[in-house]
Amino acid sequence: MTMMTHQPLDVTPLASFLLIFVFALKTFTLLLCVLLHQQEDEEMLVPHSDSADGPQSIVEGPQPMEVAAAESNGTIENQASDEPQASHFTWTIENFSRLNMKKLYSDVFTVGGYKWRVLIFPKGNNVEYLSMYLDVADSATLPYGWNRYAQFSLAVVNQMHNKYTIKKDTQHQFNQRESDWGFTSFMPLSELYDPNKGYLVNDTCVVEADVAVRKVVDYWAYDSKKETGYVGLKNQGATCYMNSLLQTLYHIPYFRKAVYHMPTTENDNPTGSIPLALQSLFYKLQYNDSSVATKELTKSFGWDTYDSFMQHDVQELNRVLCEKLEDKMKGTVVEGTIQKLFEGHHMNYIECINVDFKSTRKESFYDLQLDVKGCKDVYASFDKYVEVERLEGDNKYQAEEHGLQDAKKGVLFIDFPPVLQLQLKRFEYDFMRDTMVKINDRYEFPLELDLDRENGKYLSPEADRSVRNLYMLHSVLVHSGGVHGGHYYAFIRPTLTDQWYKFDDERVTKEDMKKALEEQYGGEEELPQTNPGYNNTPFKFTKYSNAYMLVYIRVTDKDKIICDVDEKDIAEHLRIRLKKEQEEKEDKRRYKAQAHLYTIIKVARDEDLKEQIGKDIYFDLVDHDKVRNFRIQKQMPFNLFKEEVAKEFGIPVQFQRFWIWAKRQNHTYRPNRPLTPHEEAQTSVYFLPCHNYHVQVGALREVSNKTHNAELKLFLEVERGQGFDPLPPPEKIKDDILLFFKLYDPEKEELRYVGRLFVKNSSKPIEILTKLNELAGFSPEEEIELYEEIKFEPNVMCERLDKRASFRFSQIEDGDIICFQKHAPPEAEEQIRFPDVPSFLEYVKNRQIVHFRTLERPKEDEFCLELAKNHTYDDVVERVAQRLGLDDPSKIRLTTHNCYSQQPKPNPVKYRSVDHLLDMLVHYNQISDILYYEVLDIPLPELQCLKTLKVAYHHATKDEATILNIRLPKQSTVGDVLNEIKTKVDLSNPNAELRLLEVFYHKIYKVFPINEKIENINDQYWTLRAEEIPEEEKNLGPNDRSIHVYHFTKENAQNQVQVQNFGDPFFLVIHEGEKLADIKMRIQKKLQVPDEEFSKWKFAFLSLGRPEYLEDSDIISTRFQRRDVYGAWEQYLGLEHSDTTPKRAYAANQNRHVFEKPVKIYN
């Protein structure tokens, strides 16, 4: 499931769907919600958290109410039914705008024996939207492991026009981790709180919830291979769309055989070879006993982790993958396989009606896109596909020497492929809502598809009629969810028998034909009522699960395509490689099963410290993950372990002494004490003291069961003689302490490990200066400074060590680290960046390379800067300004990076709103190294005191609108905006008056009063339009009226007429008794429409979306109300004509940054 956001999924009344859904949801939902919850720009369907910005600790019960619920009340209407049970709940919230709490719960209501309540965030869950969720009311008191499944809808009622009620539905498996679920971005707060919109009437908001509860059985122990003979594919995060396609392709045996026969060698790497990765995947699907991972394949595509969490379109992936395989198959024995299986041809033609002229063009296809909207089944879609279009009137065809001619245009099929892939157009652009929508209408598809029907009506004259185009349904790929994401799975009958199988990521189940066909048609589902006398209103839900792609196999080619594929089709090197992988997997399984019998001992030596300090690490002494590991049986005597060490390092047993590491309270990790000979002699590894226990010398205790599998970390002390030969370890008495030494070179900015020494607790550092100079290679008289490295988390602490105070006085103990350097004179300090150890360690701790990008090119690094994590906001912008040659750093505006979407966050960093660079780089539990910058024309503090409005100015005589960015103090009024506009545009006359309008979906919703403050005007969702006020509107007579005039087109969908507005709306003054004929003349003159085109326009009076067509003799003023009422924009004079304005490309939303990532296979 998808990066996306979780979308509403369908609820079917069939238990097995629910079982599979629950399994998939449990496995993937939690991780995906956290990831997609980061796409600040889109509506999210998620479990709520107190901060919408990031994952919070899991709360296993409802949050305490922060207000009394006295101002709200709820009513519930129960529908008593055993399976499923459904209820309708209404919650009336009074004094809504005066609610001053962050969140509010409704009263508790019961559905299916479970207690529920609605949770809202009246001011948004850290977003500019109303946030609303369904919550399990008693989750805090439910037993461990509880879960329940519900399909539900939430709505905010429009109390003026019910048709504008906002309703969203979804489904979810509620459990301890996710006890609430819903919509973080339910509806814009600007729309909710606008008193003219109808969602708040008398400051009362009405919320409704419809909830249907179904029982779910847990299928954790289900074995797909045992139950069905097939295995599933693991979901990497959002790869269910890919899994459903791969299962479909795998179960076309001819395709699988061709993949096996693609030439690969034993030297190929699956992560870099698509053919080998696909061969490996298919082999495992054929012979494994459990679900198969797809990471090798996606890596061979060149995908990273982010790609695996970005859900894409099945059709898009199908085309890209087939094109890539077709290219990889060239020059091999299987060249042309893709074309043989999937390629068909159709003929586009234009044929003149009155002259003998015809133009044709042959085109190939690998799949066909069929309309769903307005079509009841596949045959209706094919009828529409070959529908003849008439080219006449203004749309006549230019027929070469014959000139413009009436003609007919269409498509006919020359041949169909053996494997016919039908992509159902479930998604389309909705111009009214300015967004993509999913078409969930009922759409039927047959088990047998006859494309020779009605005497070959779909075939071109040159088609080979001897080929019988009768097809059997092989696969149904299903999309469950909405336009921004959802879940994919597939119903397949691998051998074209009556037995269907459902391939839903890791699980495969047997299914009947009804589930594979009828239940994937889409449409609505009506839940049964067991108590019709109580509530006669049917409880219906839109089915969000429906067929998205169909695969048919031609009957005459069935035996060739559904062929046998066995091991002899698989290259020997591939069989050897995969069997070896299986053996290694079994070894790992066995290793894991025996893990409780062993322990891992990590042994660090001086050589490791020298190798790592100053390169891999700077703080503490060693990275234990990079030292030699020993896997030792827990019952092994310690002296035998020492013999293993002797073999590995060449250090005889008698020269070894081991120290136990201890984690100190300041989070450093140091050698704490040596094991005594007595301890080593009487204990096994199993009884060694663990570093988690501060054990006194000589005290051994059995490690608790919880720590039996913990790793044991040891330091191997080996003393060396003159010839570097090992010596017996010196006797350590109570007064001896072991110290480790690091040397710092300020000029080279280098830190390295130089050795360790035993010193007396009562001695002083000054007594070992000569020895330290010897370790460093300095002259014996060199003056050096000593520092103790104390800690580095959360801050660096490194303090100068008094050379004349005893080690005991300075509280130096075993395992402490002393850093030293040459004494630097004051004049040298001015020339060196980090003159002493503390400043260098502080630098190392905080240094950060930051990649800076411009917002215009957010994927490309412009430059990099080495900064410090503790740099202030001013430090950062000053460095950026220096790099850009900018005198004023305050003109730099920064934007932070979203680690999950790899995009800029939607809101920039406010001036000095963060303390340090690290605050800008941290994104939840990750640290980014990317920042985006802009160079402003004025300082950022000044800009933040201003309000910027994007206004489209419509000139009185010019067609094109001018886009203006008006920047004024936030306390300015609309009058100030209009005065500013006058300075930027050419007016028709110097005394022209302007007005500011709010336009939304091609309707005028508001004329702003001159004295309205601009601070709360939102230009993100509405279009602001400025224009001159016509003289006739200034001088309205007592019986004159200004009406709204909008352009519109009509569409028929599901036997309903839908009106869609377009173009620029405007006001028009009408006079009492004025007829339409006169008004038409004025409109034509105003819009400057040619006579021929204007003659085709129709005029209608529209009220609440219903057109009533007008005649020239109609008196228009009688149609319009004479007083201002709510929804004046819903009564308008409509101009019906074709929309010839260019369509703008679809954008997911209107936020500041929008990026879409297509499916790409890079290798």
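Treat the numbers as computed from the prediction; the structure is a model and nothing was measured.

**A closer look at the overall build of the chain**
Part 1 of the argument: A count of helices and strands for the chain gives 28 helices and 59 strands.
Part 2 of the argument: Out of the 1163 residues belonging to the chain, those deemed buried represent 54%.

**Details of the packing of helix H6 (residues 274–287) against helix H15 (residues 572–593)**
Part 1 of the argument: It is the contact of H6 with H15, at a shortest axis distance of 11 Å, that shows an interaxial angle of 65°. Of the two possible hands of crossing, H6 and H15 adopt the one that is right-handed. Residues Leu 276, Gln 279, Ser 280, Tyr 283 and Lys 284 of H6 form the contact with H15, whose participating residues are His 573, Leu 574, Arg 575, Arg 577, Leu 578, Lys 579 and Glu 581.
Part 2 of the argument: For the contact of H6 with H15, the per-class residue count stands at four nonpolar, three polar and five charged.

**Observations concerning the sheet that holds strand E52 (residues 994–1000)**
Part 1 of the argument: Sheet architecture is open: five strands sit in the order E51-E50-E54-E52-E53, paired in mixed fashion. Of all strands in the sheet, those bounded by a partner on one side alone are strand E51 (961–969) and strand E53 (1003–1007). Between one strand and the next, the sheet's axes are offset by a mean angle of 40°, whatever the strand orientation.
Part 2 of the argument: This element, helix H25 (residues 974–982), spans strand E50 (946–954), E51, E52 and strand E54 (1023–1028) of the sheet and lies at about 125° to E51.

**As for the packing of aromatic side chains**
Part 1 of the argument: Under the counting rule described, the total for this entry stands at 47 aromatic pairs.
Part 2 of the argument: Relative to Tyr 911, the ring of Tyr 873 lies with its centre 5.7 Å away and its plane at 85°, an arrangement referred to as edge-to-face. Of this pair, Tyr 873 sits in helix H22 (residues 873–884) while Tyr 911 is found in the loop between strand E46 (903–904) and helix H23 (917–921), placing the two residues 38 residues apart along the sequence.
Part 3 of the argument: By relative accessible area, which is 24% here, Tyr 911 ends up partly exposed.

**What about the sheet that holds strand E37 (residues 736–745)?**
Part 1 of the argument: The five strands lie next to each other as E38-E37-E41-E39-E40, forming an open sheet whose pairing is mixed. Each edge of the open sheet is held by one strand with a lone partner, namely strand E38 (750–760) and strand E40 (797–800). The sheet shows a mean angle of 30° between the axes of neighbouring strands, direction not considered.
Part 2 of the argument: In this structure, strand E39 (residues 784–791) lies alongside E40, joined through four bridges in antiparallel fashion.

**What about unusual backbone geometry?**
What is expected of a backbone is that most residues other than glycine have negative phi and most peptide bonds are trans.
Part 1 of the argument: Along the chain, Glu 793 connects to Pro 794 via a cis peptide bond; the corresponding omega equals -5°.
Part 2 of the argument: Within the element layout of this structure, Pro 794 appears in the loop between E39 and E40.
Part 3 of the argument: One non-glycine residue, Glu 454, adopts positive backbone phi at about 50°.

**Here's the deal with the nonpolar core**
Part 1 of the argument: If you look at the biggest cluster of nonpolar residues, it comprises 61 residues, and the most contacted ones within it are Phe 255, Phe 282 and Phe 342.
Part 2 of the argument: Of the residues forming this core, the biggest block, eight residues, is contributed by H6.
Part 3 of the argument: Ignoring any residue separated from it by four or fewer positions in sequence, one finds Phe 282 in contact with Leu 246, Leu 249, Tyr 250, Phe 255, Arg 256, Val 259 and Tyr 260.
Part 4 of the argument: Ranked by size, the runner-up nonpolar core spans 40 residues in total, among them Val 378, Leu 459, Val 476 and Phe 491.

**Here we look at the pattern of salt bridges**
Part 1 of the argument: Tallying each qualifying case throughout the model produces 65 salt bridges.
Part 2 of the argument: Where Arg 995 meets Glu 1027, a salt bridge forms, and the shortest distance between an N and an O atom there is 2.9 Å. Of the two residues, Arg 995 sits in strand E52 while Glu 1027 sits in strand E54, which places them 32 residues apart along the sequence.
Part 3 of the argument: Assessed through its relative accessible area of 9%, Arg 995 is described here as buried.
Part 4 of the argument: Accessibility expressed as a relative area gives 10% for Glu 1027, which makes it buried.
Part 5 of the argument: We note a salt bridge from Asp 1114 to Arg 1119, for which the minimum N-O separation is 3.8 Å.
Part 6 of the argument: A single network of salt bridges, built from pairs that share partners, joins Asp 620, Arg 664, Arg 670, Glu 813 and Asp 816.

**Description of a positive patch on the surface**
Part 1 of the argument: On the surface, a cluster of positive charge is contributed by Lys 234, Lys 295, Lys 299 and Lys 585.
Part 2 of the argument: Mapped onto the secondary structure, Lys 299 falls in helix H7 (residues 295–300).

**A few points about the environment of Asn 162**
Part 1 of the argument: Tracing the backbone shows Asn 162 in the loop between strand E8 (147–156) and strand E9 (166–175).
Part 2 of the argument: Since its relative accessible area comes to 58%, Asn 162 is described here as exposed.
Part 3 of the argument: Taking the C-alpha atoms as reference points, Asn 162 and Gly 198, 36 residues apart in sequence, are found 9.2 Å from one another.

**Observations concerning the environment of Met 262**
Part 1 of the argument: With respect to the element layout, Met 262 can be found in the loop between helix H5 (253–260) and H6.
Part 2 of the argument: Owing to a relative accessible area of 3%, Met 262 belongs among the buried residues under this scheme.
Part 3 of the argument: Counting along the chain gives 63 residues from Met 262 to Leu 325, while the straight-line C-alpha distance between them is 9.6 Å.

**Side note on the side chain of Arg 493**
Part 1 of the argument: If you trace the backbone, Arg 493 turns up in the loop between strand E24 (485–492) and strand E25 (500–504).
Part 2 of the argument: As a buried residue without a salt bridge, Arg 493 has its nearest oppositely charged side chain in Asp 498, at a separation of 4.5 Å.
Part 3 of the argument: Reaching out from Arg 493, the side chain makes a polar contact with the backbone oxygen of Leu 473 at a distance of 2.6 Å.
Part 4 of the argument: Apart from the residues within four sequence positions on either side, Arg 493 is in contact with Leu 447, Met 472, Leu 473, His 474, Gln 499 and Trp 500.

**Brief notes about the side chain of Lys 438**
Part 1 of the argument: Structurally, the position occupied by Lys 438 is in strand E21 (residues 435–438).
Part 2 of the argument: Taking the relative accessible area as the measure of exposure, Lys 438 reaches 11% and is therefore buried.
Part 3 of the argument: A polar side-chain atom of Lys 438 sits 2.9 Å from a polar atom in the side chain of His 479.
Part 4 of the argument: One polar contact links Lys 438 to Asn 546, side chain to side chain, over a distance of 3.1 Å.

Rules used throughout
Numbers given to residues run from 1 along each chain, matching the order in which its sequence is written. Reporting of local features is limited, given that this is a predicted model, to residues whose pLDDT is at least 70; pairs of side-chain atoms are given and counted only at 80 or more, and all residues count toward the totals for whole chains, interfaces and linings. Here the side-chain values reflect all heavy atoms present in the structure, with hydrogen atoms and water set aside. Going along the chain from the N terminus, every DSSP run of H or I of four or more residues is numbered as a helix, and every run of E of two or more is numbered as a strand. Note on classification: 1.4 Å probe, protein chains only; a residue is buried when its accessible area is under 20% of the maximum for its type, exposed when over 50%, partly exposed between these limits. Orientation is described by axes fitted as lines to C-alpha atoms, over the contacting stretch for helices, and by angles from 0 to 180 degrees between their N-to-C directions. The sense of a crossing depends on the near helix, which, turned anticlockwise from the far helix by less than a right angle, makes the crossing left-handed and, turned clockwise, makes it right-handed. Residues are treated as being in contact if the distance between any of their heavy atoms lies within 4.5 Å. Basically, the charged four are Asp, Glu, Lys and Arg, the nonpolar ten are Ala, Val, Leu, Ile, Met, Phe, Trp, Tyr, Cys and Pro, and anything else, Gly included, counts as polar. Strand pairing is defined by DSSP finding a minimum of two bridges between the two strands. Stacked, edge-to-face and tilted labels apply to pairs of Phe, Tyr and Trp rings (six-membered ring for Trp) whose centres lie within 6.5 Å, assigned for plane angles under 30 degrees, over 60, and everything in between, in that order. By nonpolar core we mean a set of buried residues, namely Ala, Val, Leu, Ile, Met, Phe, Trp, Tyr and Cys, connected to one another through side-chain atoms within 4.5 Å. Any carboxyl oxygen of Asp or Glu that lies within 4 Å of a side-chain nitrogen of Lys or Arg is treated as forming a salt bridge with it. Patches were defined on residues exceeding 30% relative accessible area and lacking a salt bridge, with like-charge contacts within 9 Å and nonpolar side-chain contacts (Val, Leu, Ile, Met, Phe, Trp, Tyr) within 5 Å. Surface accessibility in these figures is a Shrake-Rupley result with a 1.4 Å probe; residues are shielded only by whichever protein chains are displayed. Charged residues are defined here as Lys and Arg on the positive side and Asp and Glu on the negative side; His and the ends of the chain fall outside this count. Where a charge lies is defined by one atom per residue type: Lys uses NZ, Arg uses CZ, Asp uses CG and Glu uses CD. Whenever a nitrogen or oxygen atom comes within 3.5 Å of another N or O atom, the pair is scored as a polar contact, on the condition that within protein one atom can donate a hydrogen and the other can accept it, and that pairs from neighbouring residues in sequence are kept only if both atoms are in side chains.

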